[in-house]
Structures are given as structure tokens and as C-alpha cells.
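The chain contents come next:
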Amino acid sequence: MQIHKNFPLKDHNTFGIDVLCDYFVEYQSAEELIELFQSGFVADKAFYCIGGGCNLLFTKDFEGALLHSEIKGIDLIDEDEDSVFVRVGAGVVWEDFVAYSVKKGWGGAENLSFIPGEVGASPVQNIGAYGVEAKDVIFQVEGLNLNTLKIETLQNEECHFDYRDSIFKHELKGKFIVTHVVYKLDKVPCYNIDYGTLQQELSDCEVHFTSIRNAIWRNRNIKLPDPKIEGNAGSFFKNPVVPVRKYIELQKVYPSIPHYKVSDAEVKIPAAWLIEQTGWKGKSHGNAAVHDKQALVLVNKTRKATGTEVVELSQIVRKAVKEKFDIEIFPEVIFL
């Protein structure tokens, strides 16, 4: 275990916000994590678990301890005729896990290719892309219960997964730290390519893991800025889910409004489209801006923006969408 004091975080958040934390703790195993809490080191400190810093916006120095998992390992622990069960350490880079699964010929996670971050965040955020969410492949989540200081296992249904949401953001927030995730993957892939641009990209291709990943790579490179040049956290806002009647009202005014069916009663409207219609795509607020190619992304365009500038821009954009469409959009990014 390593504990760093007065630790700079600019290289540990993809927004590139230049702040410090009092302590940055890196632990190598579940046992070290238990020892950390048994020692009382964090008993009198605020703490937060950080992965790749891909979904965080620091608004100031963090007064307390940031805990980072270095728990590695991708292990096949069981299989049956149709599926494999793979146990992955929380500190494994998410894309490394997806690439490994695809190389092995295991299906289910390929649509989640090239999402930044680490495995431990996948159940917390219920990460998703191209019609697939982490909940679709998560079998179990293992972690430390901070009340008992024992490792516990939650089954998929116990995680209360929802759109970019889970029990780890609510009842278990600050009470449970993910150490491993067990994924259930398919031996015989059943490709999911019905989502928007992915289907278009693959219309002239033979569909297989490589072609799906290549299509996703092309889409991400076109739409998403490199955080090393323009700091960002990917999609800043969640796509709002609205009642069908609300969508029908909007469709009368905006016939081309895009949508995705959620249920018979609800549809999802792309937040990027809503933001574009307000005219904020490509516009700036101080050193923060709405990306000129993907309005869902807010950027630290010069890597000199403060977290406060990004927050202010997000509030301006939310207000503009609310005033134009009477729809609330909410940040997917966590403010610290």
C-alpha cells in the first residue's frame, strides 16, 4: 500500500483540473483495503474512491483521502455450455478487460469498447454505450462492506441497476467499496447492432467483434476530443427519459427529433440534440466550452479551466434546455 501526501490530481482526472488532495492511497488487494480501514487512517477524514478519474469534476482541492484500487487480475472462474464467468479486479482498465474478452471470443461487452475508466466504476455508474449497459453482463459485484469490514457479494438484481445508476450511488454510497466484478459473457455471441449509428456503420461489413470495435473506434474518434488536448469526461449529461406524450408534443414542433424507445410509456431523447437546438454547441464560458463536434461533451479547451467554470457552463446549458423544451437534463459527471 502506498500513501501520498499533498498529491497533485491534474493527471488523475481527464478534465485536467489542477487541484490537490490531502492523501492519495493506492492499495493492491482487498486485504490491504481492509487493513486501511482497520487502522483508523480514514476514520477522521473524508474519503472517496477514484478510478481513472474519467467521470469526475474537481471544483476545489479535495480535503481528505482519495482511495485508488490497484487490484488486478482477469480470471475465468466458471463456465457452462453457454457462458463463461470472469472475475476482474476493480483496478483493471475497462478497455483492457473488453479487449481480453473479445480476443477470447467471449461476447456481451464488445459494444462497451473504448470506454475510459476502470472496472470498479462499471457497476457504480452502470456504464453504457450503443444499446448495451454494464448491467447486461454483470453477474456479481464483490466489495468491502464498511460497516462490517467484511467482503460481501451482491448479485446483479441486488445492485438495483438503472440508467447510469445503481445501489452504489444511493443506499450503499460511502458504505461499500467494489473490489472485484464477476461478468457473465456468452460463448456464442449474439450481436447487438441496432443502436443508431452503429447499425449504419456496419451496413456494408461482415458483423463480428473486430468490425464492431472498429466502428465504435471510428465514431469515438470523430465525436470525442482527446482529453490530453482538451480535458473532458466524455458524456457530461445523461440523456433524458420523457413520457411518450411529451415526445409527441415535441415531435409536432420538431418532426426530426431523434428518440429511442425505453418502454411503451417512455422514450429517451439525446441530450446532445437538445443542446444543439439551444445554439450552445461550440460556445464557450471562460476556459470551458461545449464541444463543437459533440454537444454532449463539455471541455476544458485550454486545459486552464477551473472546475467552477465547467460547473457554471453546465448550469447555463441546463437552463437553456429547460427554457426551450421544458426538459431537465442532469449531469452524469460527479462533482467533488
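First things first, this report covers the structure right here in the doc. (Residues numbered from 1 in each chain as written. Predicted model: local features only at pLDDT ≥ 70, side-chain atom pairs only at ≥ 80, totals over all residues. Heavy atoms only, no water.)

Counting residues in hydrophobic clusters, the biggest one holds 44 residues, and the most contacted among them are F58, F237, I269 and I275. Mapped by element, the contributors of at least two residues to this core are β2 (20-27), β4 (56-57), β5 (62-69), α6 (244-253), α7 (271-278), β18 (288-290) and α8 (307-325). Sort the elements by how many residues they give to this core and α8 lands first, with seven residues. Counting 39 residues, the second-largest nonpolar core is a separate cluster that includes I115, Y130, I167 and V178. (Core = buried A, V, L, I, M, F, W, Y, C linked by side-chain atoms within 4.5 Å. Buried < 20%, exposed > 50% of the residue type's maximum accessible area, 1.4 Å probe, protein only. Helix = DSSP H or I, 4+ residues; strand = E, 2+ residues; numbered from the N terminus.)

A word on the sheet that holds β5. Here four strands make up an open sheet; going across it, the order is β1-β2-β5-β3 and the pairing mixed. Looking along the sheet, the strands with just one partner apiece sit at the ends: β1 (2-8) and β3 (47-50). On average, each strand axis in the sheet is tilted by 30 degrees relative to the strand beside it, whichever way the strands run. Where β1 lies against β2, six bridges are found, and the strand directions are antiparallel. Bridge assignment links Q2 to a residue of β2, and that residue is E26. Against the sheet, helix α1 (residues 30-38) engages β2, β3 and β5, with an angle of about 135 degrees to β2. (Pairing = 2+ DSSP bridges. Axes fitted to C-alpha atoms, helices over the stretch in contact; angles between N-to-C directions. Contact = heavy atoms within 4.5 Å.)

Turning our eyes to something else, we now look at helix α5 (residues 209-223). An ideal rise of 1.5 Å per residue puts 21 Å on 15 residues; α5 measures up with 21 Å between its terminal C-alpha atoms. Those residues of α5 not exposed but buried are F209, S211, I212, R213, A215, I216, N219 and R220. (Expected span 1.5 Å × (residues − 1).)

Okay, a negative patch on the surface next. A contiguous patch of negative charge, built from D18, D22, D61 and E63, is present on the exposed surface. Looking at the element boundaries, D61 is found in the loop between β4 and β5. (Patch = residues over 30% accessible without salt bridge, like charges linked within 9 Å, V, L, I, M, F, W, Y side chains within 5 Å. Areas by Shrake-Rupley, 256 points an atom, 1.4 Å probe, with all protein chains shown as cover. Salt bridge = Lys/Arg side-chain N within 4 Å of Asp/Glu carboxyl O. Lys, Arg positive; Asp, Glu negative; His and termini not counted. Charge placed at Lys NZ, Arg CZ, Asp CG, Glu CD.)

All right, on to helix α2 (residues 94-104) then. Every α-helix winds through 3.6 residues per turn, so residues three or four apart in the chain are directed the same way. Regarding α2, the residues found buried are W94, E95, F97, V98, S101 and V102. Angularly, the buried residues of α2 cover 160 degrees about the axis, an arc narrow enough to put them on a single face. G105, located one to two residues past α2, shows a positive phi value of around 85 degrees. (Arc of directions from axis to C-beta.)

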